[in-house]
Amino acid sequence: MYYPRLIDSYLLEWASRTSHKPLLLRGARQVGKSSAVQHLGESFEQYVELNFEKSQAFVSLFTQCDLDVRRIVPQIESLVGKHIVPGKTLLFLDEVQACPQAIMALRFFKEDLPELHVIAAGSLLEFALDELPTFGVGRIHSMYMYPMTFDEFLVACGEQLLLKARREASAVNPLPQPLHEKLVSLLRNFILVGGMPEVVSQWVKTHDYLVCQEVQDDIVFAYEDDFPKYRKKVDPALLRLTLRSAAVQATKKFVYAEVGSGYKVSEVKKALELLSKAGILIPVTSTAANGLPLGSEANPAYRKMLILDSGLMLRLLHMSTGDATKFAEHILTSKAAELVNRGPMAEMVAGLELLHYNTPNLKQELYYWLRLTKNAQAEIDYVVPYQQFVLPIEVKASTQGGMKSLWAFMRDKHLSRAIRCSLENFGSYVYTDALDAEAERQVIVCPLYALSQMGSMLKASTMED
């Protein structure tokens, strides 16, 4: 069964354009790329899929003397027994990393058959792109896909009415307490299950965590089975150690020495780079956050690593520590404050949600702010661009008294708004700065289960002003 994804609307918009480029759908293995394209294919009169890992015959079409798509398309038709009609057919090139020539041919679809809708996707696609001298920059459009969001998880679980009620809530109109508590409970499930589509599907069918863990383990092992493909660049054993260390160190400054086994810093850096390129790790880089773009003041020497999915992270922690029970018990039974303030899960889920709700048309980056002044260290979990300003986001559980660093950051950067991401209900705090009597600063409480509404909450608060 196909569960609706946020990227569906972007794919439909791409398909509806009178002028469109071939599309490269990028993302980690098993996040649902092929299923999303197949779902899009239902809106076309004809859908043709080539899987380059399953059929060498398809590879041979692109490895002949040239990349003339006017030769290739009729040959595809003869192999699949379907007509390919520009404007009516969606042509999907799946596992395209197994045929680099097919990636290079994408530009010629744009030049010679511009009306034909062509999408390419694959596992470890970023590595294949690195090996190519060019793949048609400017003639190919990329979209980036990630595991399912909490909103997508709610829809898969049949909670559309609860989602509707949540979307109607705001700082001035918080949720009724029973609905708030139900969303917190569902968020606990989501943290354990994660957003990998196959795992979510098993959860919807069985509501059995152990069944989900088996699928999660299979996905982790599938990732690790890919590591020998990186052998020319990094030792597969180092990649495994680095991945497990990233799970243990998640949301903390990554310390290379903690990977162990005597590897050099340069070797661990290379392993982190490859795991990030594969989409398995998500870097969060320190920035001075004095203005936009945030990357202009980034400091790669201070970088945290997130695992692409909370459920997979828990399995990696189990593989590293040998005890999964305590993690599950903590998530399922902790008070809301303990769930947020203890351990990395809430901060990691917040970062992943922030990443996933951004437009897929650009490669998104995550940043945080860190002050290293002696005896005055402070940190803001995430800083993101909002309109023309820097927006600080703190992941916290308690009340106003726990926001000293956030108020100070807002004062130093001359900011009037911030987000407090917690397991509190919707709300806000207003603070009149004693050091700047004319400046009124507002912190909007955005529940961890409602990060997709952050933009609308900020917009509403601006309108109220």
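Residues numbered from 1 in each chain as written. Predicted model: local features only at pLDDT ≥ 70, side-chain atom pairs only at ≥ 80, totals over all residues. Heavy atoms only, no water.

## Notes on the state of the cysteines
Overall, the coordinates contain zero disulfides when judged by the stated rule. Looking at the unpaired Cys212, the closest cysteine sulfur is the one in Cys157, lying at 9.8 Å. (Disulfide = S-S within 2.5 Å.)

## A word on the sheet that holds strand E1 (residues 23–26)
If you walk across this open sheet you meet the five strands as E2-E3-E4-E1-E5, and the pairing is parallel. Only two strands of the sheet have a single neighbouring strand rather than two, namely strand E2 (46–51) and strand E5 (141–144). Pairwise comparison of adjacent strand axes, ignoring direction, gives a mean angle of 20° for this sheet. Bridging between E1 and E5 involves four bridges; their strand directions are parallel. Within E5, the residue paired with Leu25 across the bridge is Met143. (Pairing = 2+ DSSP bridges. Helix = DSSP H or I, 4+ residues; strand = E, 2+ residues; numbered from the N terminus. Axes fitted to C-alpha atoms, helices over the stretch in contact; angles between N-to-C directions.)

## Focus: helix H12 (residues 236–248)
Helix length check: H12 (13 residues) gives 19 Å between terminal C-alpha atoms against 18 Å at 1.5 Å per residue, within 8%. Buried within H12 we find Pro236, Leu238, Leu239, Thr242, Leu243, Arg244, Ser245, Ala246 and Ala247. (Expected span 1.5 Å × (residues − 1). Buried < 20%, exposed > 50% of the residue type's maximum accessible area, 1.4 Å probe, protein only.)

## Some details on the packing of aromatic side chains
Enumeration over the complete set of coordinates arrives at eight aromatic pairs. A centroid spacing of 5.2 Å and a plane angle of 50° characterise the contact between Phe153 and Phe190, whose relative ring orientation is tilted. Placement of Phe153 in helix H7 (residues 150–156) and of Phe190 in helix H9 (residues 177–193) is noted, with a sequence separation of 37 residues between them. Residues Phe153 and Phe190 agree in their burial class; the two are buried. (Phe/Tyr/Trp six-rings, centres within 6.5 Å; stacked < 30°, edge-to-face > 60°.)

## What to know about the sheet that holds strand E9 (residues 378–380)
Spatially, the four strands line up as an open sheet ordered E7-E6-E8-E9, and their pairing is mixed. Edge positions in the sheet fall to strand E7 (298–307) and E9, since each has one partner strand and no second. Here the strands of the sheet are splayed against their neighbours by 30° on average, with no regard to which way each runs. Alignment of strand E8 (residues 366–371) against E9, held across three bridges, turns out to be antiparallel. Looking at the pairing, Trp369 lines up with Ile380 of E9. Set on the sheet, H12 makes contact with strand E6 (281–287) and E7; between it and E7 the angle comes to about 90°. Sheet strands touched by helix H17 (residues 345–356): E6, E7, E8 and E9. Its angle to E7, the strand with the most contacts, is close to 100°. (Contact = heavy atoms within 4.5 Å.)

## A look at the layout of surface pockets
Quantified by volume, the largest pocket comes out at close to 700 Å³. As for the largest pocket, its lining consists of 35 residues, and the residues nearest its centre are Glu273, Ser276, Lys277, Leu281 and Pro283. If you list the elements that add at least two residues to the lining of the largest pocket, you get helix H6 (125–131), helix H13 (265–277), E6 and E7. Class assignment for the residues of the lining of the largest pocket results in 21 nonpolar, five polar and nine charged. For the second largest pocket, the calculated volume is near 570 Å³. Residue lining of the second largest pocket: 26 residues in total, with Gly32, Lys33, Ser34, Ser35 and Pro197 positioned closest to the centre. Elements represented by at least two residues in the lining of the second largest pocket include exactly helix H2 (33–41) and helix H10 (197–206). No other element matches H2, which puts six residues into the lining of the second largest pocket. Split into classes, the residues belonging to the lining of the second largest pocket amount to nine nonpolar, nine polar and eight charged. (1 Å grid on protein atoms, 1.4 Å probe; cavity = no way out; pocket = protein on both sides within 12 Å on 5 of 7 lines; lining within 4 Å. Points joined across faces, edges and corners; volume = space filled by probe spheres on them. Nonpolar A, V, L, I, M, F, W, Y, C, P; charged D, E, K, R; others polar.)

## Some remarks on the packing of helix H1 (residues 7–16) against H2
At a minimum axis distance of 10 Å, the contact between H1 and H2 shows a crossing angle of 50°. Accordingly, the angle class assigned to the pair H1 and H2 is oblique. Considering the relative orientation of H1 and H2, their crossing is right-handed. Here H1 contributes Ile7, Asp8, Leu11, Leu12, Trp14 and Ala15 to the contact with H2, which in turn contributes Ala36, His39 and Leu40. When its residues are assigned to classes, the contact of H1 with H2 shows seven nonpolar, one polar and one charged. (Parallel < 35°, antiparallel > 145°, perpendicular 65-115°, else oblique. Left-handed = near helix turned anticlockwise from the far one by under 90°.)

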